Amino acid sequence: MLAAERRTKKKPLPPLDGATPKDPAKHDPLAFLIVKSMLLTGFDAPDSNVCTVRRERSNTPLQALTLLNDQVFVEAAQALGARVLAETPDAPDAARLAFAVKLCLGRAPTGAEADRLAKLLSRFRTLAAQDGAGAAKLLGAHKPAGVPAPEAAAWVALARTLMNLDEFVTRE
């Protein structure tokens, strides 16, 4: 997630055991929140004191709600949506979609995935155009310059969708 949204401040990750770092200012606070508060509890993480060869795949309601609604994940989706728009300013939707999928999943989308994502983006644009206040709320402070709010909000919504995919959340 941190690589997809590409935070501008490069700081080391906190200890992976969930312990509070000795000097929290030297560590990325977003990464610390993810490791400590969500991944260890809401994502069925195994006990850190026991060796686990392979984690079983699990999709819990708590996991889905966290990925969609938690402030950390919403801000990451806002940053990812802004990044896609900023780094592909004049690109067609297909190129932007391919770029977003590459950032999140590390691969190009299949033809079926690209078609589905294009339809979803169109739907998000319609919804954002109908609800300007909702679009502004979804954007937060991450509205790219020169991009209409409904367009930027549609890309944030698409980023939230990509970041909620099992392929994004788990690595096999």
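Below is a short write-up of the structure. Sequence order sets the numbering: in each chain, residues are counted from 1 along the sequence as written. Given that the model is predicted, a residue must reach a pLDDT of at least 70 before its local features are reported, and side-chain atom pairs must reach 80 or more before they are shown or counted; all residues, however, enter totals for whole chains, interfaces and linings. For side-chain calculations, the full set of non-hydrogen atoms in the structure is used, while hydrogens and water are omitted.

**Details of the overall build of the protein**
Of the regular secondary structure elements, the protein holds nine helices and zero strands. In the protein, the succession of helices and strands from N to C terminus is α-α-α-α-α-α-α-α-α. Partly exposed describes any residue whose relative accessible area lies between the buried limit of under 20% and the exposed limit of over 50%, with all areas from a 1.4 Å probe on protein chains only and scaled to the type maximum. The buried share of the protein, taken over its 172 residues, is 37%. Looking at the protein as shown, the accessible area adds up to about 10,200 Å², and 59% of this sits on carbon and sulfur atoms. Helix and strand definitions follow DSSP, with helices as H or I runs of at least four residues and strands as E runs of at least two, each counted in order from the N terminus. Methods summary: accessible areas were calculated by the Shrake-Rupley approach with a probe of 1.4 Å, and residue burial reflects only the protein chains presented.

**Here we look at helix H7 (residues 132-139)**
Turning to H7, its buried residues are Ala 135, Leu 138 and Leu 139. Buried residues of H7, seen end-on, are gathered within an arc of 100° and therefore sit on one face of the element. With respect to the buried face of H7, the exposed residues turned more than 90 degrees away are Ala 133 and Lys 137. Gly 140 occupies a position one or two residues after H7 and carries a positive phi of about 60°. This arc is built from the directions going out from the helix axis to the C-beta atoms.

**Quick word on the side chain of Glu 151**
Note on placement: Glu 151 falls in helix H8 (residues 149-163). Using a relative accessible area of 19% as the deciding quantity, one classes Glu 151 as buried. Reaching out from Glu 151, the side chain makes a polar contact with the side chain of Arg 125 at a distance of 2.6 Å. In this structure, Glu 151 is in contact with Arg 96 and Arg 125, ignoring residues within four places of it in sequence. Any N or O atom pair separated by 3.5 Å or less is treated as a polar contact, with the protein-specific requirement of one donor-capable and one acceptor-capable atom, and with residues adjacent in sequence counted only for side-chain atom pairs. What makes two residues a contact is simply this: any of their non-hydrogen atoms within 4.5 Å.

**What to know about helix H4 (residues 71-87)**
Turn by turn, an α-helix covers 3.6 residues, leaving residues three or four places apart pointing in a common direction. Helix span, expected: 1.5 Å multiplied by one less than the number of residues in the helix. Taking 1.5 Å of rise per residue, 17 residues should cover 24 Å, and H4 covers 24 Å from first to last C-alpha, within 8% of that figure. Burial runs high along H4: 13 of the 17 residues are buried.

By themselves, these figures tell us nothing about what the structure is for.
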